[in-house]
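Structure assessment
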Amino acid sequence: AFLKGEYLSPSPLMVKYEVHTGADSIGEVPRIAAADITPEEFEAQYINRGMPVVLTGVMDAWPAYAASSPRKWTLDFFKNTYGDVPCTIDTFGKKEETTLGCYISRFAEFSTLPAGSPVPYLRTWYFSDDVPELLNDFAPPEHFHASDAFHKLPVDLQPPFRWLFFGPSGTQSSLHVDVWETDAWLGMLEGSKTFTLYHPAHRKHIEAEENDWADLSRPPNTEKYPDMHKAVPAQTLLRAGEVIYIPRKWPHHAIAQEDSISLTLNFAPLCAKKGVIKHLLPYAKSRGRCQMLLQR
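An account of the accompanying structure is given in this report. (Residues numbered from 1 in each chain as written. Predicted model: local features only at pLDDT ≥ 70, side-chain atom pairs only at ≥ 80, totals over all residues. Heavy atoms only, no water.)

Observations regarding the packing of aromatic side chains
Scanning the entire structure with this criterion turns up 28 aromatic pairs. Geometrically, the ring pair formed by tryptophan 73 and phenylalanine 78 is edge-to-face, given 5.6 Å between the ring centres and 70° between the ring planes. No difference in accessibility class separates tryptophan 73 from phenylalanine 78, as the two residues are buried. Both rings, one in tryptophan 125 and one in phenylalanine 127, keep their centres 6.4 Å apart while their planes meet at 65°; by these two values the pair is edge-to-face. In this structure tryptophan 125 comes out as buried when scored by relative accessible area, which is 6%. For phenylalanine 127, a relative accessible area of 0% puts it in the buried group. (Phe/Tyr/Trp six-rings, centres within 6.5 Å; stacked < 30°, edge-to-face > 60°. Buried < 20%, exposed > 50% of the residue type's maximum accessible area, 1.4 Å probe, protein only.)

Structure follows, in structure tokens:
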């Protein structure tokens, strides 16, 4: 019943990698142009209500994307400019140390892996630690951060919830909910990803025990998740230049349909401040102790 109006406009996605929801019905995440809604209206209609949406046009002025000129943040740009930067890639929990250039150069090799094979993924790269100048290439959209409680903190106490993701087609983020009950936005710089999101009320149908989630890359395990078909997902194919808003507590899954780069930031809107603070206070205390010990 929570997916009403534009959310119940199912349109089968023609994609390379299928997402196995086993659902009786699937909703579609709506799209809206950033120019057609003010940050205040966006907060009232989507953030305060905790409803996902795709925002278009918000990246067009970024130096990283700039629709009016050749795109800057491409795989070739990162390989040629920052190819020597060390990074850690993840293959379903198995870590491997490499460099950014070496990893990107292997994308064609990874595309030949047998169907269903784990694909090495550079996930949650804290790029601002290694390449801080990249922070100059984008501006966090005001639609998301107009009332971000994190921005009211001293800079050195703001959680470092800002990451880049690189991966060949087939890389995926399995079902999960985001850290600290925060909201998040993710912008596609290159390629496309299928996003599948579930309202928190349907979490019980796709989670056997705490953080024991259904595997959407395989046909449903009806013995372990007998009511999975009752969970109604909202789904979309996010393309380069688009940003998706992921509300707090919404379980979600993403899989790259093409070689891709994406940027994500987590934030704490005022309407969710109470839930975030219980996580923030222990973090601030431990961060403060570390700074005192390091005399920073």
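Some details on the sheet that holds strand E1 (residues 27–28)
The strand order across the open sheet built from five strands is E1-E11-E10-E13-E8, with neighbouring strands paired in mixed fashion. Bordering the open sheet on either side are E1 and strand E8 (172–176), each of which pairs with just one other strand. Alignment of E1 against strand E11 (residues 233–239), held across two bridges, turns out to be parallel. Its bridge partner being in E11, glutamate 28 is matched across the sheet by glutamine 235. (Pairing = 2+ DSSP bridges. Helix = DSSP H or I, 4+ residues; strand = E, 2+ residues; numbered from the N terminus.)

Topic: the nonpolar core
Trp73, Phe78, Leu164, Phe166 and Leu263 are the most contacted members of the largest nonpolar core, which totals 68 residues. Those residues within four positions of leucine 263 in sequence are excluded, and the remaining contacts are Trp62, Trp73, Phe127, Phe138, Trp163, Leu164, Trp185, Leu186, Gly187 and Leu189. Grouped together as the second largest cluster of nonpolar side chains are 11 residues, Ile206, Ala214, Leu216 and Ala231 included. (Core = buried A, V, L, I, M, F, W, Y, C linked by side-chain atoms within 4.5 Å. Contact = heavy atoms within 4.5 Å.)

Thoughts on the pattern of salt bridges
Within the structure shown, the criterion is met by 12 salt bridges. Across the pair glutamate 242 and arginine 31 runs a salt bridge whose closest N-O atoms are separated by 2.8 Å. Taken together, the positions of glutamate 242 in strand E12 (residues 242–246) and arginine 31 in strand E2 (residues 31–33) put the pair 211 residues apart, joining distant regions of the chain. Judged by its relative accessible area of 35%, arginine 31 falls in the partly exposed class. What you see here is one network of salt bridges that share partners, running through Glu96, Arg106 and Glu109. (Salt bridge = Lys/Arg side-chain N within 4 Å of Asp/Glu carboxyl O.)

Quick word on the side chain of aspartate 183
One can find aspartate 183 in strand E9 (residues 183–190). A distance of 2.4 Å separates a polar atom in the side chain of aspartate 183 from a polar atom in the side chain of tyrosine 245. Polar contacts involving the side chain of aspartate 183 include one to the side chain of arginine 248, which spans 2.6 Å. Those residues in contact with aspartate 183, other than ones at most four positions away along the chain, are Ile47, Tyr245, Ile246, Pro247, Arg248, Leu265, Asn266, Phe267, Pro269 and Ala272. (Polar contact = N/O pair within 3.5 Å; in protein donor to acceptor, adjacent residues only side chain to side chain.)

Details of the environment of tryptophan 180
In this structure, tryptophan 180 sits in the loop between E8 and E9. Residue tryptophan 180 is classed as buried on the basis of its relative accessible area, which comes to 16%. Placed 95 residues apart in sequence, tryptophan 180 and glycine 275 show a C-alpha to C-alpha distance of 7.6 Å.

Considerations on the pairing of strand E4 (residues 86–91)
One ladder, built from six bridges, connects E4 with strand E5 (residues 94–99); its direction is antiparallel. Across the sheet, residue threonine 91 finds its bridge partner in E5, namely lysine 94.

As for the state of the cysteines
The tally for this structure, following the rule as stated, stands at zero disulfides. Between cysteine 102, a free cysteine, and cysteine 87, which holds the nearest cysteine sulfur, the sulfur-to-sulfur gap is 8.4 Å. The class for cysteine 102 is partly exposed, based on a relative accessible area of 38%. (Disulfide = S-S within 2.5 Å.)

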